[in-house]
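This is what each chain is made of:
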Amino acid sequence: MSPTNSFREWLVHLVLVFSTVLLADADDQVPLRTASGIAPRRVAIIGAGSGGSSTAYYLRQYADFFDIPVNLTVFERNPYVGGRSTTVNVFDNASYPVELGASIFVEVNYNLMDAVKKFGLNISGAGQDRPNEAEEVIGIWDGERFVYTQSESLSLWNIAKLIWRYGLAPIRTRSLMRNTVNKFVKLYKPPFFPFSSLSSATVELGLHKATAATGAEFLKANGISAPFSQEIIQASTRVNYGQNLALIHGLETMVCMATDGAVSVEGGNWQIFAGMLNSSRAHVNLNTAVTSIQRNSNGTFTISHVQDDHSLEQSLFDDVVIAAPFQESDIKISPPLDHVPDTIPYVTLYVTLFSSPHRLSSRFFNLEDAEVPETVLTTLPHGLDLGSREDGVGPAGFWSISTLAKVQPQGEHETSEAPPEHYVYKIFSPGRLTAEFLANVLGVDAPQSAGNLTIGDLPREDISWFYEKTWHSYPYLYPRQTFEQISLASNLWYTSGIESFISTMETSSLMGMNVAGLMVEDWHEKLRLGKPVEWNRWVKADNTEL
């Protein structure tokens, strides 16, 4: 062996020994300090959905504004950012992206709207791409008949039609919704922001009356008639949350009616959260699952995480944010948490996307020769009371069917002429759809034994493309007055507890922003950085109008 090789072997051995010593003493190490004399806070954020992306985004802004150096690391077990906000491409063509999860946000979603402006994203009105071939835009079906249909949403005719059918209920509902929203938006600014207890904030804002009652109870107590509640409002709670008014609480019921200015980002809402992460300058680890969190003797955390190549690594952090439902994280934490989030049931939502040359069948919807509305929402028929049952879909069998767009089918064709455009549909349902159901909805012949077959068994001339996805999309929003702790232990934070309060992209973003605020306050106190954080300074500097 040459002297050079011997020297290299000795050098490698020395490096390995030195590295082992460093890892063994990791608990006792102190990160290098910056010129300001403050050691950068090493923050791990687990989850790159709305909550995690927003935590990173606002934490960077607050830390920079209040002169606290931070190093941010985001772990995401999926190969993409955005969490339940993600798209798939019809025919695998990037020109036809379709939202698979969270589809729209509205004008009172201040964080999302502000991010869209800052990142220069293009938005379009909800339903802008639909074909506009049917006279009726929306129909509400109870499994036997359409109890209500509507053409253009802002027409005077439709307003008059609503008042004639339901009296003052639509006006009272809008007033109740606005009153509820006005209370909620106070959470964005001092003196409520940042709130250390969602339960306490709910009471202080007077929203506990809405969360403590079912939607049916809350609407009745506020003078909203039963027909309007069951036919219109319940159709909205079903399409948005797969839950009837006798189950879902009153606050989320009001959220379903706050639809003014509904929009989506062209190309996918996930771009909001990608923009947040990019702006945060966080190191983002995709395809990386966190398996354990170990608190060390000096208060730091050792996080074990597995890459997609199954390699196990460990990293050291000062603060950890769990930005995903705790019960689905499969993370082992030691020592045990001071506050363990409740295990709550989540809705299992089946999303079926497909394209077809066929329009929705009038026969299936008992319309004879009339056109089927392009969006079909569902409700329960009058006289059927399923109470607070989780399996509350009723005779309709599905939550909604939406005609999203018309697209040009892909592939080779026998003639030089372009083939007719195909309709793109999205169906929300509580279970996987059968080939028989889909054939009936499209008015085509079902294959033999179709009840045991699925969408992939239908002929290509009837279903030209499809995509199926099962989500644990949102919790069952039972009435409650208390909510999960935001701080699960010292320097260990949780964002997903807000989902039992309101489950939307915006509210997850709000909790991410709130956790960032609480962390900055905590650092000021523990690191003795001077007087408490002056949030009014930030509000003036941010200059965001609510």
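Cut-offs applied
Residues numbered from 1 in each chain as written. Predicted model: local features only at pLDDT ≥ 70, side-chain atom pairs only at ≥ 80, totals over all residues. Heavy atoms only, no water. Helix = DSSP H or I, 4+ residues; strand = E, 2+ residues; numbered from the N terminus. Contact = heavy atoms within 4.5 Å. Areas by Shrake-Rupley, 256 points an atom, 1.4 Å probe, with all protein chains shown as cover. Lys, Arg positive; Asp, Glu negative; His and termini not counted. Charge placed at Lys NZ, Arg CZ, Asp CG, Glu CD. Buried < 20%, exposed > 50% of the residue type's maximum accessible area, 1.4 Å probe, protein only. Axes fitted to C-alpha atoms, helices over the stretch in contact; angles between N-to-C directions. Parallel < 35°, antiparallel > 145°, perpendicular 65-115°, else oblique. Nonpolar A, V, L, I, M, F, W, Y, C, P; charged D, E, K, R; others polar. Polar contact = N/O pair within 3.5 Å; in protein donor to acceptor, adjacent residues only side chain to side chain. Salt bridge = Lys/Arg side-chain N within 4 Å of Asp/Glu carboxyl O. Phe/Tyr/Trp six-rings, centres within 6.5 Å; stacked < 30°, edge-to-face > 60°. Lys NZ or Arg CZ within 6 Å of the ring centre and 35° of its normal. Pairing = 2+ DSSP bridges. Left-handed = near helix turned anticlockwise from the far one by under 90°. Expected span 1.5 Å × (residues − 1). Core = buried A, V, L, I, M, F, W, Y, C linked by side-chain atoms within 4.5 Å. Bend = angle between axes of the 7 residues up to and from the residue.

Colleague: In this structure, what is going on with the overall build of the protein? I would like to understand it.
Modeller: When its secondary structure is counted, the protein shows 14 helices and 21 strands. The contacts of the protein with a sequence gap of at least 6 include a subset with a gap of at least 24, amounting to 71%. In the form shown here, the protein has an accessible surface area of approximately 25500 Å², with 51% of it arising from carbon and sulfur atoms. Distance between charge centroids for the protein: 9 Å, based on 39 positive and 59 negative side chains.

Colleague: For this particular structure, what's the right way to read the environment of I502?
Modeller: Along the chain, I502 turns up in the loop between β21 (492–494) and α13 (505–526). The exposure class assigned to I502 is buried, which follows from its relative accessible area of 4%. When the C-alpha positions of I502 and A370 are compared, they lie 38 Å apart, and in sequence the two are 132 residues distant. Not counting residues up to four positions away in its chain, the partners in contact with I502 are F184, L251, E252, V255 and T507.

Colleague: Would you explain the packing of helix α3 (residues 110–119) against α13 in this entry?
Modeller: Describing two packed helices takes the angle between their axes plus the distance from one axis to the other. Viewed as axis vectors pointing N to C, α3 and α13 meet at an angle of 85°, and their least axial separation amounts to 8 Å. Comparing the axis directions of α3 and α13 gives the class roughly perpendicular. On α13, the residues that touch Y110, N111 and L112 of α3 are M505, E506, S509, L510 and M513. Here the contact of α3 with α13 is built from residues that sort into five nonpolar, two polar and one charged.

Colleague: Hey, could you run me through the side chain of S500 in this one?
Modeller: Its place among the elements puts S500 in the loop between β21 and α13. Of the residues examined, S500 reaches a relative accessible area of 6% and is grouped as buried. Among the polar contacts made by the side chain of S500, one reaches the side chain of R480 at a distance of 3.3 Å. Not counting chain neighbours up to four residues away, the residues in contact with S500 comprise H249, I344, P475, L477, R480 and F483.

Colleague: Hey, could you run me through the pattern of salt bridges in this one?
Modeller: Think of it this way: side chains of opposite charge can pair up when their charged atoms draw near. Tallying each qualifying case throughout the model produces 17 salt bridges. D318 serves as the salt-bridge partner of R42, at 2.9 Å between the closest nitrogen and oxygen. Placement of R42 in strand β1 (residues 41–46) and of D318 in the loop between β12 (312–317) and β13 (319–322) is noted, with a sequence separation of 276 residues between them. Neither residue differs from the other here; R42 and D318 are each classed as buried. Two residues, E133 and R359, come together in a salt bridge whose shortest N-O distance is 4.0 Å. Within this pair, whereas E133 is found in the loop between β5 (123–125) and β6 (138–141), its partner R359 is found in the loop between β15 (346–356) and β16 (375–378), the two being separated by 226 residues in sequence.

Colleague: How should I be thinking about the packing of aromatic side chains in this particular structure?
Modeller: To describe a pair of aromatic rings, one takes the distance between the centres and the angle between the planes. Taken as a whole, this structure holds 29 aromatic pairs when the rule is applied. The structure contains a cluster of three or more aromatic residues connected by ring pairs, namely Y57, Y58, Y62, F65, F66, F119, F193, W535 and W538. Over the face of the ring belonging to Y148 we find K161, whose NZ or CZ atom lies 5.1 Å from the ring centre. Between the NZ or CZ atom of K469 and the centre of the ring of W471, over which it lies, the distance is 4.7 Å.

Colleague: Would you mind showing me how to read the sheet that holds strand β14 (residues 332–334) here?
Modeller: If you walk across this open sheet you meet the four strands as β12-β11-β10-β14, and the pairing is mixed. For this open sheet the edge positions go to β12 and β14, each flanked by a neighbour on one side alone. Sheet twist, expressed as the mean angle between neighbouring strand axes with direction ignored, is 20°. Bridge count for strand β10 (residues 289–295) against strand β11 (residues 301–306) is six bridges, and the pairing is antiparallel. Within β11, the position partnered with I293 by the bridge is I303.

Colleague: Please explain the packing of α3 against helix α11 (residues 270–280) as it appears in this structure.
Modeller: The geometry of α3 relative to α11 is characterised by a closest axis approach of 10 Å and an angle of 70° between their N-to-C directions. Taken together, α3 and α11 sit at an angle that is classed as roughly perpendicular. Seen along the crossing, α3 lies across α11 with a hand that is left-handed. Across the interface between the two elements, L112, A115, V116 and F119 of α3 pack against I272, F273, G275, M276 and S279 of α11. Split by residue class, the contact of α3 with α11 holds seven nonpolar, two polar and no charged.

Colleague: Mind showing me how you'd approach α13 here?
Modeller: Spanning 22 residues, α13 covers 32 Å between terminal C-alpha atoms, matching the ideal 32 Å at 1.5 Å per step. Within α13, 19 of the 22 residues are buried, leaving the element largely enclosed by the surrounding structure. Once α13 ends, the next one or two residues include R528, with phi positive near 55°.

Colleague: Would you mind showing me how to read the nonpolar core here?
Modeller: Side chains of a nonpolar character, in soluble globular proteins, are inclined to be buried together. Of all hydrophobic cores here, the largest spans 109 residues; its most connected members are Y62, F105, F184, I272 and F501. No other element matches α13, which puts 10 residues into this core. Counting 24 residues, the second-largest nonpolar core is a separate cluster that includes V376, Y425, L433 and L438.

Colleague: Looking at this structure, how should I read helix α9 (residues 226–241)?
Modeller: Each α-helix winds once per 3.6 residues, and so residues spaced three or four apart point in a common direction. Taking the largest bend as the criterion, α9 deviates by roughly 35°, centred on I233. Along α9, the positions that sit buried rather than exposed are F228, S229, E231, I232, I233, Q234, A235, S236, T237, R238, V239 and Y241. G242 sits one or two residues past α9 and shows a positive phi near 60°.

Colleague: Even after reading the chapter, I still don't get the pairing of strand β17 (residues 400–407), so can you show me in this structure?
Modeller: Walk down a regular strand and you will see the side chains alternate between the two sheet faces. Where burial is concerned, most of β17 is hidden: six out of the eight residues are buried. Bridge count for β16 against β17 is three bridges, and the pairing is antiparallel. Within β17, the residue paired with V376 across the bridge is I401.

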